[in-house]
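# Close look at the chain arrangement
These are the residues of each chain, in order.
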Amino acid sequence: MTNLTNHQWVLASRPTAAVTVDNFAAAETAISEPASGQILIKVTHLSFDPSMRGQIAENPGYAAAVPIGGVMRSMAAGEVVASRHPDFRNGDRVTGMFGWQEYALAEPDEEALQLKKIPNGVTVEMALSVLNFTGLTAYFGMLSVGQPKPGDVVAVSGAAGATGSIAGQIAKIKGCQVIGIAGGAEKCGWLTGVAGFDAAIDYKNERVGRRLRALATNGINIFYDNVGGEILEAGLSNVAVGGRIVLCGAISGYNSGGLPPAPRNYMALIWKSATMAGFMMNHFSEHYAEAGNQLAEWVRGGKLKFAVDMQEGFESVPATLLRLFEGRNLGKQLCRIA
């Protein structure tokens, strides 16, 4: 094992605007045998989320910045190949914050690692998407912040993405009429044909505000926003009296190089007695197990569909991150590296 080389991708520079593959550099390091209480993991899949853009910024948001020269941080999945921890055996499948590297030496008891075994019957794709932070974010954002009621009209931006697609389906499960906003015919077709949305708006080829008015004549009760910018403004313009705006993300501004513009029509919140609230998933950590069990039940029962955009090869890892900001992914963005 010690004769093997661990290939890594490290942060080479901080982007000033759009992130590029040149912001990352390939690196190598020797693989160490695990010490007492440690395990060695061969990483097989990497997970990509829009929040990773903030972690490489000069002024990060809620997560600490990845240092220059540091291995890029990410959730991943892999297999234990050497263990000196009593709770783990060779062959165990696990998820955790292993980062962009082929091998990870880990101490399972370290809280920041967020290491978990993948249960039998659960695929790696499920463990990194609908049953991981993606699904939990959609669950708490929709149910705890949005608080859907049967008959509510719900609109979701970034609806063909990993979180938006789950959030919209949860609203459907709760008896709502759901409108998805996504880019392109393929994504819109998946939303209505597979995920069960009632309607989909192609923001690349349709005027979002006008279509929302036509589809939600009495206004939108919940607008679950993953995009920000003009799409958020369209949601505000069409909010119903007493409506709720759920702020989950604002990917349209992540690569702008500065603060995103404020919604120009925020006064709609006053006129419609509406509310707009953001949330952090870790504020609901005491309910993770309950939410995970419910998500798994919905998946097993066929009520919750999920899509995965799987890229291949360790050399393609930086380019895979860019797919999120180019709107090229349908569902959860993953990369198989082994």
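Coordinates for the structure precede this section.
The structure contained in this document is the topic of the report that follows. Values in this document were obtained by computation on a predicted structure and should not be read as measured data.

## Comments concerning the overall build of the protein chain
For the protein chain, the helix and strand inventory stands at 10 helices and 15 strands. Computed over the C-alpha atoms, the radius of gyration of the protein chain is 20 Å, within 12% of the 20 Å expected from 2.2 N^0.38 for a compact globule of 338 residues. Its C-alpha atoms give the protein chain principal-axis dimensions of roughly 65 × 45 × 35 Å. A sequence separation of at least 24 residues applies to 67% of the contacts in the protein chain between residues at least 6 apart. Total accessible area on the protein chain stands at roughly 15200 Å², and carbon and sulfur atoms take up 50% of it. Charged side chains in the protein chain number 28 positive and 29 negative. The centres of these two groups are separated by 8 Å.

## Examining the side chain of Asn226
Tracing the backbone through its elements, the reader meets Asn226 in the loop between β11 (220–225) and α7 (229–237). Polar side-chain contacts of Asn226 include one of 2.7 Å to the backbone oxygen of Ser157. When neighbours within four sequence positions are excluded, Asn226 is seen to be in contact with Val156, Ser157, Gly158, Thr163, Gly164, Cys248, Gly249, Ala250 and Ile251.

## Describing the packing of aromatic side chains
Per the stated rule, a full pass over the model turns up seven aromatic pairs. Taking 5.8 Å as the distance between ring centres and 50 degrees as the angle between the ring planes, the aromatic pair formed by Phe48 and Trp100 counts as tilted. In this pair, Phe48 is assigned in strand β3 (residues 39–48) and Trp100 in the loop between β5 (93–96) and β6 (103–106), connecting sequence segments 52 residues apart. Grouping residues by exposure puts Phe48 and Trp100 together as buried. Ring centres of Tyr139 and Trp298 lie 6.2 Å apart, and the angle between their planes is 40 degrees; on these two criteria the pair is classed as tilted.

## Focus on the side chain of Thr95
Examined against the element boundaries, Thr95 turns out to sit in strand β5. A residue is classified by how much of its surface remains accessible, and Thr95, at 5% relative accessible area, is buried. If near-sequence neighbours (up to four positions away) are discounted, Thr95 is found in contact with Met75, Ala76, Ala77, Gln114, Leu115, Lys116, Ile118, Ala127, Leu128 and Asn132.

## Section: a negative patch on the surface
A surface patch of negative charge is lined by Asp87, Glu107, Asp109 and Glu110. Relative to the elements of secondary structure, Asp87 occurs in the loop between β4 (76–83) and β5. According to the relative accessible area criterion, Asp87 is partly exposed, its value standing at 47%.

## Points about the pattern of salt bridges
A complete count under the given rule lists nine salt bridges for this structure. In this structure, the salt-bridge partner of Lys332 is Asp49, at a minimum N-O distance of 2.6 Å. Linking Lys332 in strand β15 (residues 332–336) with Asp49 in the loop between β3 and α1 (52–55), this pair joins segments that are 283 residues apart in sequence. A residue is classified by how much of its surface remains accessible, and Lys332, at 2% relative accessible area, is buried. For Asp49, a relative accessible area of 24% puts it in the partly exposed group. Residue Arg323 pairs with Asp309 through a salt bridge whose shortest N-O separation is 2.8 Å. One end of the pair, Arg323, is in helix α10 (residues 317–325); the other, Asp309, is in strand β14 (residues 308–312), with 14 residues separating them in the sequence.

Here is what the cut-offs are and how they apply
Throughout this description, residue numbers start from 1 for each chain and increase along the sequence as written. For a predicted model such as this one, the threshold for reporting local features is a pLDDT of at least 70, and the threshold for listing and counting side-chain atom pairs is 80 or more; totals across whole chains, interfaces and linings nevertheless cover every residue. With hydrogens and water excluded, all non-hydrogen atoms of the structure serve as input to the side-chain values. Where helices and strands are cited, they refer to DSSP runs of H or I of at least four residues and of E of at least two residues respectively, numbered from the N terminus. The globule rule used for comparison is 2.2 Å times the number of residues to the exponent 0.38, while the radius of gyration itself is calculated over C-alpha atoms. Any two residues having at least one pair of non-hydrogen atoms within 4.5 Å are treated as being in contact. The method behind every accessible area is Shrake-Rupley, applied with a 1.4 Å probe, and residues are considered shielded solely by the protein chains displayed. Positive charges come from Lys and Arg alone, negative charges from Asp and Glu alone, with His and the N- and C-terminal ends not counted. Taken as the charge centre is NZ of Lys, CZ of Arg, CG of Asp or CD of Glu, depending on the residue. Pairs of N or O atoms within 3.5 Å make up the polar contacts considered here, provided that, within protein, one atom can donate a hydrogen while the other can accept it, and that residues adjacent in sequence are counted only when both atoms are side-chain atoms. Think of it this way: a Phe, Tyr or Trp ring, Trp meaning its six-membered ring, pairs with another when their centres are within 6.5 Å, and the plane angle makes it stacked under 30 degrees, edge-to-face over 60, tilted otherwise. For every residue, the accessible area (1.4 Å probe, protein chains only) is compared with the maximum for its type, and the residue is labelled buried under 20%, exposed over 50%, or partly exposed between those bounds. Here a patch means residues that are over 30% exposed by relative accessible area and free of salt bridges, tied together within 9 Å if like-charged and within 5 Å if nonpolar (Val, Leu, Ile, Met, Phe, Trp, Tyr). Salt bridges are defined as contacts in which a side-chain nitrogen from Lys or Arg sits within 4 Å of a carboxyl oxygen from Asp or Glu.

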